[in-house]
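Summary of the model geometry
One letter stands for each residue in the lines below.
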Amino acid sequence: MRIKILVAFLFAFIYASANAQTVNMQIVLKAEGKDSITNATIQIYSLPGRQLLQSWLSSPVNIFKVKASGSYLIKVTAVEFDTLQKVIKVTNKPVFDTLQLIAKVKTLKEVTVASTKPLIRQEDDKTIVDAEQLANASTNAYEVLEKIPGAVVDQDGNVYLNSSTPASIYINGVEMHMSTDDIASLLKALPAGSVSRIEIIRTPSARYDAANSGGIVNIVLKKGVELGTSGSVNIRNDQGVYDTRTAGFSLNKSFGKTTAYLSYQYTHRNYYDDIRSTRVINIDTLLEQRSYTKYSPITNYFGGGFNIAFTKKFSIAYDIRVTATNNNSLATSDNDVSSDVTQNKFLQTQSPITNTGNSIVISNTVFSKYKIDSLGSEWTNEIDYTYSKNNNTQLYTINYILPATTALSGDGNSHSTANFVNFKTDLSLQLKNKFILETGIKISSDASNNAALYYTQTGSSQKQLDTFKTNTFTYKENIGSAYVQLSKLYHGYIFKTGLRLECTDIEGNQIVPIGNPFSIKRTDLFPYFYIKRNLFKIFGYPIIGNAIFRRSITRPAYDQLNPTPQFVDQFTYNQGNPKLQPQFTTNYELNATYDEFPVFAIGVNNTKDVFSPVTYQNDTSKIAFRTYDNLGKYREIYGRLFGGVPSGHRYFMYAGVQFNYIQYNGSYQNSPLNYSRASWTFFTGHQFKATPTLNFNLNAWMYVNGFRLFNELKTMGQLNLSATKTLLNKKLSIILSGTDLLKTNRSLFHLQQGTVFVDGTRIQDSRRCGITLRYNFGITHAEEKKPAFTPPVEEGQ
């Protein structure tokens, strides 16, 4: 099937080439301080006669088809830049030209200008989402992430783009080496208005780490302005079953060659997590469980940084982000054990569980950039250091109701620290004959320590050391990598090929109990190949085809390796597996874009050595251990369609569908484990401008017949609505929003794994209504208001 698809795609390339009795004209727009100009209007006129041939919005690289042996007038218009005109003579060879735009000289008074940008646009293998439109209906960065078109965020905070493997989360281009829960907590502390854009890279090139099998979601934060002083203050309250309150401010300042920013956000969240399940623990015995947890974290987020442009070619930037959180939760776990034959209960317990803790995460980034020439060659360097510390105290009691007996209580403390250091240098060179060479190296080091000390007590007896949960674990991960990547425009095709080398050195040691060290040492190569081609035009706009091949790795994270048992209730523990091995994925994808808008994709993921969340049950104690294990391999076929009505008018919408089909082959507890399953994801978004100061937004998604490896999920989804009213010359925004209004974001799951059978439901405090007040002040750039599509017109119309 994959071969047929590739052959058909190549035929389309050949057909497009056969019909092209033309040459390529490649134009790159630049300006002082900007490597590329997007959303400028480029018009091409034939000479003599000045007949308008083509008109479109600029992207980083603009490729036009023109007839050979002719002269053409190129006209470029863009807001805040002088109109540029240039005559280019074309022979029978491709033309490459860089046009330098000059900024208009004017004095700006204090203005606030609304801009209309496309919500989604495509740049090569990267999808860029304008976060401003999503932020207007969101409380924090996590909710912005939930509203990304085509992305599914599960209840644990994993983001899925086009496969069953979750994407890696980056902030400002730096991967967050944290657990999923910690990343979710960090994003929920970031104000929604702090996000500038979100970059979705479904098939990362050799420039990026190979450990991105599920793709990359890069959250780019705002970092100041290039003119004057500006800022904003915000306050929000939303209500579900429990309330959430947040307030903060941001300041941006430029002085001379320096721009700086400062932001602070206070957030007090209150929410719940309700999990109910029925598990078969013997042939004729059922365990019914309900765990209800109320969380009340208080988070203080601080962010700041500056950028100094020493010269037109050289600049240095520094960013710091500090997140301090007080974590408090109170849980109640009810457990009923009954006979499946008589339905009579013979064991009933109730367990209150209290967790009190605090954490701090400090991230620092130093970044430098040197522009080698005006063609786009540059050298960048980056050093990152992240420190995190977590402390937690847990108290629990197991009250035996049936039969009545002495209660069992326990208490303990856990402490963990992590230090992550990352250095990378990247060089991009524009070579002769229009070759582009990219190369670089990266060295990263992660050192983590975890210690837990627990005691148990029966009734009023003396406390005893809990040897099962008491644990000390150290973890070190060192990864060195280097890559080289070469791209070339040749006869209308853009070829990009790369190779990445990564050396992995992982060591873990379970000190308490003594004697459980492990290590992973390996060196791997990861090839990458990419072809891009203008196929044909519809209504004057190009359909661009892309073919991609890549190999990637998924390494087990610290929390997946940490063997420290985490008490959930007397029948359930979470525990890592220090024997996990990495899994490898080979990806093939064909996709197409229409005027920088992704419209179609089909691909295949072949993954081996899959490490999966599994549940093992002790035959004697009937305690279930939720852990991870390497069980087998799978093939996943996926397809995606996307379309919509362009922005720039009163009404804008998008809609899409994604299909995933997975075939799994493996073994579980020495028995074959084979299955196949298909799922559908539907998503849509709508925006209506009732007046220039009143906007309505709707976005929704639905997951049908879903799966997360062994967990089969029933249909679930989410509907969000918001209304935004601006006042005081659009400085003050009042936002009313509702999330999961139909309360359909609930997980109904079924798990059948060997002798383990579980059915259950998970519900969170997801239906919420809120109000946000946001006031913007100071000077900001006026942005050109234009639609996402600029239809070609003839001169004189």
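Look up: the structure comes first, before these words.
Here's what I pulled together on the structure shown here. None of the values given here were measured: they were computed from a predicted structure. (Residues numbered from 1 in each chain as written. Predicted model: local features only at pLDDT ≥ 70, side-chain atom pairs only at ≥ 80, totals over all residues. Heavy atoms only, no water.)

**Looking at the pairing of strand β34 (residues 583-594)**
Most of β34 is tucked away, with 11 of its 12 residues classed as buried. Two elements, β34 and strand β35 (residues 597-617), share 11 bridges in a ladder whose sense is antiparallel. Within β35, the position partnered with Thr585 by the bridge is Thr607. The hairpin formed by β34 and β35 contains two residues between the paired strands, and Asp595 there has a positive phi angle of roughly 50°. (Buried < 20%, exposed > 50% of the residue type's maximum accessible area, 1.4 Å probe, protein only. Helix = DSSP H or I, 4+ residues; strand = E, 2+ residues; numbered from the N terminus. Pairing = 2+ DSSP bridges.)

**Side note on the packing of aromatic side chains**
Inspection of the entire model under this criterion finds 15 aromatic pairs. On the basis of an interplanar angle of 25° and a centroid distance of 5.9 Å, the ring pair of Phe310 and Phe314 is categorised as stacked. A relative accessible area of 29% means that Phe314 is categorised as partly exposed. When the ring of Trp680 is compared with that of Phe682, the centres are 6.3 Å apart and the planes differ by 15°; the resulting orientation is stacked. (Phe/Tyr/Trp six-rings, centres within 6.5 Å; stacked < 30°, edge-to-face > 60°.)

**Let's talk about the nonpolar core**
Side chains of a nonpolar character, in soluble globular proteins, are inclined to be buried together. Within the largest apolar cluster, 65 residues are counted, with the highest numbers of intra-cluster contacts made by Leu145, Ile148, Val159, Leu187, Ile198, Val217 and Ile219. The next biggest cluster of nonpolar side chains, apart from the first, holds 23 residues, and it includes Ile37, Phe64, Phe81 and Ile88. (Core = buried A, V, L, I, M, F, W, Y, C linked by side-chain atoms within 4.5 Å.)

**Here we look at the sheet that holds strand β1 (residues 23-31)**
In space, the three strands of this open sheet follow the order β4-β1-β7, with mixed pairing throughout. Edge positions in the sheet fall to β4 (62-66) and β7 (95-101), since each of these pairs with one other strand and no more. Neighbour to neighbour, the strand axes of the sheet diverge by 25° on average, direction disregarded. Here β1 pairs with β4 via five bridges, running antiparallel. Across the sheet, residue Gln26 finds its bridge partner in β4, namely Ile63. (Axes fitted to C-alpha atoms, helices over the stretch in contact; angles between N-to-C directions.)

**Notes on unusual backbone geometry**
Residues Leu402 and Pro403 are joined by a peptide bond in cis, for which omega reads -10°. The phi torsion at Asp609 lies on the positive side, around 55°, for a residue other than glycine. The backbone phi angle of Asn705 is positive, close to 55°, even though this residue is not glycine. Tracing the sequence through the fold places Asn705 in the loop between β39 (694-704) and β40 (707-708).

**Details of the environment of Ala210**
In this fold, Ala210 is placed in the loop between β14 (195-201) and β15 (216-221). On a C-alpha basis, the gap between Ala210 and Arg551 in space is 7.5 Å, while along the polypeptide they are 341 residues apart. Not counting residues within four places of it along the chain, the set of residues in contact with Ala210 comprises Arg500, Glu502, Phe526, Arg550, Ser552 and Ile553. (Contact = heavy atoms within 4.5 Å.)

**A short note on the environment of Leu727**
With respect to the helices and strands, Leu727 occurs in strand β42 (residues 716-727). Given the relative accessible area of 34%, Leu727 is considered partly exposed. Beyond its immediate stretch of four places on either side in the chain, Leu727 contacts Leu732 and Ile734.

**Digging into the side chain of Glu175**
Structurally, Glu175 is set in strand β13 (residues 174-175). It turns out Glu175 is buried and unbridged, and the closest side chain with the opposite charge, Lys442, is 5.2 Å from it. Once residues within four sequence positions are removed from consideration, Glu175 is found in contact with Ser168, Ile169, Tyr170 and Asp209. (Lys, Arg positive; Asp, Glu negative; His and termini not counted. Salt bridge = Lys/Arg side-chain N within 4 Å of Asp/Glu carboxyl O.)

**Considering the sheet that holds strand β3 (residues 51-57)**
If you trace the four strands from one edge of the open sheet to the other, you get β3-β2-β5-β6, paired in antiparallel fashion. Where the open sheet ends on each side, the last strands, each with one partner, are β3 and β6 (81-90). Along the sheet, successive strands turn relative to each other by an average axial angle of 20°, direction set aside. As defined by bridge partners, strand β5 (residues 70-78) adjoins β6 across eight bridges and the pair is classed as antiparallel. Bridge assignment links Ser71 to a residue of β6, and that residue is Lys89.

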